[in-house]
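Chain and residue survey
Below, each chain spelled out in residue letters.
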Amino acid sequence: MSGNGDTRQSDGLETSLWSKFDARLTLVVYVRFLSTVFLVAGLARWATILGFGIPSGNFLTLSSPVIVATLFFAVADLVAAVGLWLLASWGTVVWMISALTETALYGAYNPQFGRNYPLMIFHIGTVVLYAVLSAYYERTRDRL
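First things first, this report covers the structure right here in the doc. Source: prediction; values computed, not measured.

About the criteria used
Residues numbered from 1 in each chain as written. Predicted model: local features only at pLDDT ≥ 70, side-chain atom pairs only at ≥ 80, totals over all residues. Heavy atoms only, no water. Salt bridge = Lys/Arg side-chain N within 4 Å of Asp/Glu carboxyl O. Helix = DSSP H or I, 4+ residues; strand = E, 2+ residues; numbered from the N terminus. Buried < 20%, exposed > 50% of the residue type's maximum accessible area, 1.4 Å probe, protein only.

Regarding the pattern of salt bridges
- What the rule picks out here adds up to two salt bridges.
- Between Arg-45 and Asp-77 there is a salt bridge, with its nearest N and O atoms 3.1 Å apart. Here Asp-77 lies in helix α3 (residues 64–85) and Arg-45 lies in helix α2 (residues 23–49), a separation of 32 residues in the sequence. Residue Arg-45 shares its accessibility class with Asp-77, and that shared class is buried.
- For Arg-45, the salt bridge is made with Glu-102, and the minimal N-O distance between the two is 2.5 Å. Of the two residues, Arg-45 is situated in helix α2 and Glu-102 in helix α4 (residues 89–108); the sequence distance between them amounts to 57 residues. Residues Arg-45 and Glu-102 agree in their burial class; the two are buried.
- When salt bridges that share partners are traced, they join Arg-45, Asp-77 and Glu-102 into one network.

As structure tokens, then:
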């Protein structure tokens with residue numbers, strides 16, 4: 001008999017914890033975190049363009065594909081950061097384009113860019129986590 005009472009109590013506790021979980025707040029905090037990550041990444045790319053972190057100190061000594069990719073991501077990452085911080089839909093689109101393009105570059109064009117598995121896993125993981133959080137938010141929003 002005590003087993004049934006304990007089960008009901010734990011189910012009630014579990015339900016109570018999930019009811020206090022704010023999906024919208026979690027999604028907003030996550031998107032703002034991504035915004036800061038992409039702001040730092042964009043600024044790091046601009047530092048590369050200015051010659052910091054390059055052995056020769058000259059950005060133009062890099063190969064043409066690396067120069068084009070660095071210029072693209074220097075702009076796209078900062079635009080995505082602003083859009084994500086503002087919670088604008090276009091920010092999510094620019095972020096997805098930037099993240100998936102960088103993943104494709106490291107995955108498909110490894111002779112020019114090399115392989116950066118941690119960055120590829122980060123991008124894929126952030127996109128998947130965003131999809132899960134968005135789906136959960138939509139699901140809980142429909143119940144209200």
